[in-house]
Amino acid sequence: MINIINDFPPIAIDYQPHTVKAGQKVSLMFTLNIPDGFHIMAHKPAEEFLIPTQISLDSIEGVIVGEPSYPAAKEERVSWSETVLLTYEGQITIVVPIDVTTGASGTLALTGMLSFQGCTENQCLPPKKQKFDISLDFAP
Amino acid sequence: MEPEVTQTDLDDEVSVFEPPFNIGDKVLDFELSDMTGRSIKVSDYQGKVVLLFFFATWCPYCSAEAPYLEQEVWQKLKERDVQVLAVDVKENRELVEKMITRFNWSFPVLLDSEGAVAEKFAPHKEGLSPEVAIINAHFVIDRQQRIRSFDYLNMEKFDAHARRVVKLLEQALAT
């Protein structure tokens, strides 16, 4: 029997570093663990209307968020399509450069959004947006 | 000679689903706007064999099947009293327009913006939302507006070339 599901399970998101210095340019490395048996469309998917994986961080005062860098896609050949799908699966890393211009101390809280559309071997699920929070401590 | 595709074959593949109707039931009539704003009902096509196809632009299976729906189904069967009606589920017009342009679809594409029609045709399964379950479903409706066959997506036997859809339509035309 085919296992049909209704929703893409949450993608575990971790990030490094957790500590920044004021005035520092930092490459925030987001590690995404895509659940086993699932894949998501790459940042540049094979067809223009397939949903790209995108990560964003809300702008806050004192932090300039740069353009994310996405990993190379996996080429997925499927029996049912001439188009080679470009996907991510397993663990991937997305790098988001930030420029911390504030001189404040304490903790910096940022909210982010991961947008993606994923599939299993048996079905594809509607596009999804997953919100996440990060906090960066200021080093002295 | 190739064997007929029967509803039993299709049921075998989609046993996780409980459809909201039986084969031979009169199709539930509905009214949706096409891309030009024209109102279209299934009952407008009484006397024709109708292929009702539910899709979404984000669905890779739908994209894979899209050129064959135009070339192998619509272009080859439209002169033989087959009508293709594609129903987009809960997306905006601009996205759908892109898909139509990309695949040169020339059959009517209807916008089910609220998903109300999808809900009526989707299988019933607890915890499964209609807009997930209905994507890439095909319904063949005979000349008397009865449901002749239907299938919901099954990747194990998915045929992007729409060969089985053609066969089902041919069978409906022959009766």
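Residues numbered from 1 in each chain as written. Chains lettered and ligands numbered in written order. Predicted model: local features only at pLDDT ≥ 70, side-chain atom pairs only at ≥ 80, totals over all residues. Heavy atoms only, no water.

Colleague: Got a sec to walk through the overall build of chain A? Specific residues and values, please.
Modeller: Regarding its fold elements, chain A presents 0 helices and 12 strands. For chain A, the α and β elements follow one another from N to C terminus as β-β-β-β-β-β-β-β-β-β-β-β. Considering only C-alpha atoms, chain A reaches an extent of 55 × 25 × 20 Å along its principal axes. Among the 140 residues that make up chain A, the fraction classed as buried is 45%. Of all intrachain contacts in chain A linking residues separated by at least 6 positions in sequence, the fraction that spans at least 24 positions is 72%. Computed over 8 positive and 16 negative side-chain charges, the inter-centroid distance for chain A is 4 Å. (Helix = DSSP H or I, 4+ residues; strand = E, 2+ residues; numbered from the N terminus. Buried < 20%, exposed > 50% of the residue type's maximum accessible area, 1.4 Å probe, protein only. Contact = heavy atoms within 4.5 Å. Lys, Arg positive; Asp, Glu negative; His and termini not counted. Charge placed at Lys NZ, Arg CZ, Asp CG, Glu CD.)

Colleague: Break down the interface of chain A and chain B for me, citing the residues and quoting the values.
Modeller: Taken residue by residue, the interface counts 24 residues in chain A and 28 residues in chain B. Across the chain A-chain B interface, the total number found is 1 salt bridge. Two residues, Arg102(B) and Glu47(A), come together in a salt bridge whose shortest N-O distance is 2.9 Å. Our count for the contact surface shared by chain A and chain B stands at 3 residue pairs in polar contact (both at pLDDT 80 or more). Looking at the side of chain A that touches chain B residue by residue, the class counts come to 14 nonpolar, 6 polar and 4 charged. (Salt bridge = Lys/Arg side-chain N within 4 Å of Asp/Glu carboxyl O. Polar contact = N/O pair within 3.5 Å; in protein donor to acceptor, adjacent residues only side chain to side chain. Nonpolar A, V, L, I, M, F, W, Y, C, P; charged D, E, K, R; others polar.)

Colleague: Go over the side chain of Asp34(B), please, and point to the residues and values.
Modeller: Residue and element names in this part refer to chain B. If you trace the backbone, Asp34 turns up in strand E1 (residues 31–34). Only 2.7 Å separates the side chain of Asp34 from the side chain of Thr36, close enough to count as a polar contact. When residues no more than four places from it in sequence are discounted, the contact partners of Asp34 are Ile40, Arg93, Val109 and Leu110.

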